[in-house]
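Chains, contacts and geometry: an overview
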Amino acid sequence: MGVVINPKHLSKYGETKEEQYDNILKSDPTLVKFTQDAKRETGVVQYNNYQLITERMYGTNWLLIGDAAGFLDPIFSSGLFLAIKSAFTATDAICEGTDAAFKQYQKMEMHELKVWQKLVNTWYSGGLFTLMTVGKERMDTSFGRFIGPHMQRHLTRIFTGEAVYKTYSRGFLRFILGPMIRMMKLGRLHNRNISDLAIK
Ligand SMILES: Cc1cc2nc3c(=O)[nH]c(=O)nc-3n(C[C@H](O)[C@H](O)[C@H](O)COP(=O)(O)OP(=O)(O)OC[C@H]3O[C@@H](n4cnc5c(N)ncnc54)[C@H](O)[C@@H]3O)c2cc1C
């Protein structure tokens, strides 16, 4: 069982991470029902940041793929996709065996990770939640009926990885998460701030 929490709130649950973990479980009535007779068997492991993109991905007799090259996020299921894709691209570079091929591998891998990082950030910035919240109330209007199917098609394609490399789909995502939400606010179609729903 794990907890994702803003570090600012941790100190009120105790001093050590074990105390904090145990007290967080005790503070939630639903979790208490499941954990009241339970005993923690291990220590508590704390991660402050999962994200890491390596600056250098190859050298003499070594090359990084998958999480070793870059890990972004557990939520979007990008990890397995990127690990497998980078393995295929790396195989091509190894078969070619030139410095140019390895350099190209690193460039592509870096680009790929940056593209996914932007997508992942739409979740943590609150942009996606805001879109969902304001969109829910507007789907049954002429505006919603116009943009809804287009949004559904491109968002599904992007988040399954199919259209993540398509400039139009990424541009469309930027538009609906930024200018469109702002324009809807100007048109009094909602009264939300993106930061209201950000995961900080
Ligand atoms: C909590 C969490 C949830 C996740 N959920 C998802 C998800 O739902 N969908 C998704 O796609 N991704 C998810 N991921 C990410 C995904 O698990 C990883 O991105 C993916 O497993 C990376 O594959 P990899 O082969 O690069 O690394 P790994 O799967 O970590 O494989 C590396 C292997 O190398 C071994 N190893 C390490 N050091 C040595 C050594 N010195 N000698 C020999 N072997 C060694 C390790 O034991 C390990 O088996 C999640 C990650 C986390 C942390």
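Because the structure is predicted, anything quoted here is derived from the model rather than measured.

Basis of the calculations
- Residues numbered from 1 in each chain as written.
- Predicted model: local features only at pLDDT ≥ 70, side-chain atom pairs only at ≥ 80, totals over all residues.
- Heavy atoms only, no water.
- Near = heavy atom within 4 Å.
- Polar contact = N/O pair within 3.5 Å; in protein donor to acceptor, adjacent residues only side chain to side chain.
- Areas by Shrake-Rupley, 256 points an atom, 1.4 Å probe, with all protein chains shown as cover.
- Helix = DSSP H or I, 4+ residues; strand = E, 2+ residues; numbered from the N terminus.
- Nonpolar A, V, L, I, M, F, W, Y, C, P; charged D, E, K, R; others polar.
- Buried < 20%, exposed > 50% of the residue type's maximum accessible area, 1.4 Å probe, protein only.
- Contact = heavy atoms within 4.5 Å.
- Core = buried A, V, L, I, M, F, W, Y, C linked by side-chain atoms within 4.5 Å.
- Domains from an automatic or database assignment.
- Patch = residues over 30% accessible without salt bridge, like charges linked within 9 Å, V, L, I, M, F, W, Y side chains within 5 Å.
- Salt bridge = Lys/Arg side-chain N within 4 Å of Asp/Glu carboxyl O.

The ligand sits among Tyr50, Gly66, Asp67, Phe71, Pro74, Ser77, Gly79, Leu80 and Ala83. A distance of 2.7 Å separates an oxygen atom of the ligand from a polar atom in the side chain of Asp67. In this structure, a nitrogen atom belonging to the ligand sits 3.0 Å away from a side-chain N or O atom of Ser77. Starting from 1000 Å² of accessible surface for the ligand in isolation, the protein chains cover 35%. Only helix H3 (66–69) and helix H4 (78–96) provide two or more residues apiece to the shell around the ligand. Sorting elements by how many residues they give to the shell around the ligand places H4 first, with three residues. Of the residues in the shell around the ligand, the class split is five nonpolar, three polar and one charged.

Let us look at the environment of Glu19. Within the secondary structure, Glu19 is located in helix H1 (residues 17–27). By relative accessible area, Glu19 is classed as partly exposed at 38%. Considering only alpha carbons, one finds Glu19 and Asn193, 174 residues apart in sequence, at a separation of 35 Å. Ignoring any residue separated from it by four or fewer positions in sequence, one finds Glu19 in contact with Tyr13 and Gly14.

The biggest cluster of nonpolar side chains holds 32 residues, and the ones touching the most others in it are Leu131, Met151, Leu173, Ile176 and Met180. Residue assignment for this core shows that the elements contributing at least two residues are H4, helix H5 (99–124), helix H6 (127–136), helix H7 (142–159), helix H8 (167–177) and helix H9 (179–186). Broken down by element, the residue count for this core peaks at eight residues, all from H5. There are two domains that each give this core at least three residues, and those are domain 2 (52–114) and domain 3 (125–197). Sequence-distant contacts of Leu131, defined by excluding residues within four places in its chain, comprise Lys136, Met151, Leu155, Ile176, Leu177, Met180 and Ile181.

Moving on, we come to a nonpolar patch on the surface. Taken together, the side chains of Val45, Tyr47 and Tyr50 define a hydrophobic patch exposed on the protein surface, amounting to about 390 Å² of accessible area. With respect to the element layout, Tyr50 can be found in the loop between helix H2 (29–35) and strand E1 (52–53). Judged by its relative accessible area of 47%, Tyr50 falls in the partly exposed class.

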